[in-house]
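Each chain is listed here by its residues.
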Amino acid sequence: MVPKRHLWIALALTVIAAPVKAETIQVTIDKLVFSPATVEAKVGDTIEWVNKDMFAHTATVNGGWEVMIPPKKSASLTLKAAGAVDYFCRFHPNMKGHIAVAP
Amino acid sequence: MLIRHTAALAAMLLLGTAPLAQAADKPTDPQIAHIAYTAGVIDVEAAKQALKKSKNKEVLAFAKDMVRDHEAVNVQALDLVKKLKVTPEDNDTSKALTKAAAGERAKLAKLKGAAFDKAYVDNEVAYHKQVDGALETLLIPSASNAELKSLLETGLKIFQGHEQHAEHVASMLK
Ligand SMILES: [Cu+2]
């Protein structure tokens, strides 16, 4: 019989060794508002924008990436770089969001 | 009183500067629905003229965005008036807007190339600004039905967004 203590150590090691699982974080767009407007994520996570409007929107970073989000559809982006970015909708620049990406 | 209110509202829509009409002179929901719908139709028509005349990539993309968004708003507006059993009511403000827009289109029809692009985009900035002002200070506060008010609020955000988008396109044409 394996001593109980060893089992616990084995379990603890498994938990520590397992890579941090990437998550999908949803941002809803309703009536030209991104919510939540600010998101905290880490490299490897995916942001999924769920567009409830009848209007097409974008999530655009000046000099960076752009995601097109068609009316009543969803669109995703996997975060590849750490750092904080402000994004906006190119069609309606009054729509703004922020993502803080931890390494 | 009706003549005074519509004249005041028309002046405000056209100049964007006239003081608020008095509370007693508020437009009714059927009139508000008609004004808002007309404001969208006018911008779609302006965009269709630009799609025919312009060769500038940014201007063409902007005009396509205007057609797509304003048609989407107006589909929602028509669904709503049907649901509420409201018949949009033509009025002097809608008529003044339509007349001013026809004048603007005739002016733009005579222009070509970069001169057309600049005049179209500058007018888009000014037009969206005027409609923003009217929505914010008169149409939204005057609307009595909650769903109509909510649609007008979404319309305001669309118009404000387009105003900023038009300003961005204008800055790229310089
Ligand atoms: Cu947008």
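Before any of the text, the structure's been laid out above.
About the thresholds
Residues numbered from 1 in each chain as written. Chains lettered and ligands numbered in written order. Predicted model: local features only at pLDDT ≥ 70, side-chain atom pairs only at ≥ 80, totals over all residues. Heavy atoms only, no water. Salt bridge = Lys/Arg side-chain N within 4 Å of Asp/Glu carboxyl O. Buried < 20%, exposed > 50% of the residue type's maximum accessible area, 1.4 Å probe, protein only. Helix = DSSP H or I, 4+ residues; strand = E, 2+ residues; numbered from the N terminus. 1 Å grid on protein atoms, 1.4 Å probe; cavity = no way out; pocket = protein on both sides within 12 Å on 5 of 7 lines; lining within 4 Å. Points joined across faces, edges and corners; volume = space filled by probe spheres on them. Nonpolar A, V, L, I, M, F, W, Y, C, P; charged D, E, K, R; others polar. Pairing = 2+ DSSP bridges. Donors = N, O, S within 2.8 Å, 3.2 Å for Na, K, Ca; no water. Core = buried A, V, L, I, M, F, W, Y, C linked by side-chain atoms within 4.5 Å. Phe/Tyr/Trp six-rings, centres within 6.5 Å; stacked < 30°, edge-to-face > 60°. Lys NZ or Arg CZ within 6 Å of the ring centre and 35° of its normal.

**Looking at the pattern of salt bridges**
Residue and element names in this part refer to chain B.
Link 1 in the chain: Evaluated as defined, the whole model comprises ten salt bridges over all chains.
Link 2 in the chain: For R68, the salt bridge identified is with D69, shortest N-O distance 3.9 Å.
Link 3 in the chain: For R68, a relative accessible area of 32% puts it in the partly exposed group.
Link 4 in the chain: Taking the shortest distance from any N to any O, the salt bridge between K83 and E147 comes out at 2.5 Å. Here E147 lies in helix α6 (residues 146–173) and K83 lies in helix α3 (residues 57–84), a separation of 64 residues in the sequence.

**A look at the layout of surface pockets**
Over the atoms rolls a probe the size of a water molecule, and in doing so it shows where empty space is left.
Link 1 in the chain: The computed volume of the largest pocket comes to approximately 320 Å³.
Link 2 in the chain: The wall of the largest pocket is formed by 16 residues, among which R90(A), E58(B), H165(B), H168(B) and M172(B) lie closest to the centre.
Link 3 in the chain: If you list the elements that add at least two residues to the lining of the largest pocket, you get α3 and α6 of chain B.
Link 4 in the chain: Per-class residue counts for the lining of the largest pocket are seven nonpolar, four polar and five charged.

**Describing the pairing of strand β9 (residues 96–102) of chain A**
Residue and element names in this part refer to chain A.
Link 1 in the chain: Judged by which residues are buried, β9 turns out to be one-sided: G97, I99 and V101 face inward and are buried, whereas K96, H98, A100 and A102, on the alternate face, are not.
Link 2 in the chain: Relative to β9, strand β3 (residues 38–42) is paired through five bridges, and the arrangement is parallel. In the sheet register, A41 faces β9, and the bridge partner there is V101.
Link 3 in the chain: Two strands pair when backbone bridges link them, and strand β8 (residues 83–88) and β9 are joined in this way by six bridges, in the antiparallel orientation. Directly across from G83, in β9, lies its bridge partner V101.

**Comments concerning the coordination of the copper ion**
Residues and elements named next belong to chain A.
Link 1 in the chain: Protein coordination at the copper ion comes from H57 (ND1), C89 (SG) and H92 (ND1), with a distance range of 1.9 to 2.2 Å.
Link 2 in the chain: Sequence positions of the residues that donate to the copper ion give the spacing H-x31-C-x2-H. Taken as a pair, H57 in strand β5 (residues 57–60) and C89 in the loop between β8 and β9 lie far apart in primary sequence, 32 residues in all. Just as H57 is buried, C89 falls in that class too.

**Remarks on the nonpolar core**
Generally speaking, soluble globular proteins have nonpolar side chains that are buried together.
Link 1 in the chain: With 27 residues, the main nonpolar core has F34(A), I47(A), W49(A), Y87(A) and I99(A) as its most contacted residues.
Link 2 in the chain: Of all elements in the fold, only β1 (24–30), β3, β4 (46–51), β6 (66–69), β7 (74–78) and β9 of chain A together with α3 of chain B reach the threshold of two or more residues within this core.
Link 3 in the chain: Among the elements that line this core, the one with the most residues is β1(A), at three residues.
Link 4 in the chain: Core analysis: the next-biggest nonpolar cluster, separate from the first, contains 19 residues, A39(B), I42(B), V131(B) and L152(B) among them.

**A word on the packing of aromatic side chains**
Link 1 in the chain: Applying the stated criterion across every chain, the model contains six aromatic pairs over all chains.
Link 2 in the chain: Measuring from ring centre to ring centre gives 6.1 Å for W65(A) and Y87(A), while their planes differ by 40°; the resulting arrangement is tilted. You can see W65(A) sitting in the loop between β5 and β6 and its partner Y87(A) sitting in strand β8, a full 22 residues away along the chain.
Link 3 in the chain: Looking at W65(A), the relative accessible area reads 22%, which means it is partly exposed.
Link 4 in the chain: In textbook terms, an aromatic cluster arises when at least three aromatic residues are bridged by ring pairs, as seen for F34(A), W49(A), W65(A) and Y87(A).
Link 5 in the chain: Residue placement shows R68(B) over the ring face of F91(A); its charged tip is 4.5 Å from the ring centre.

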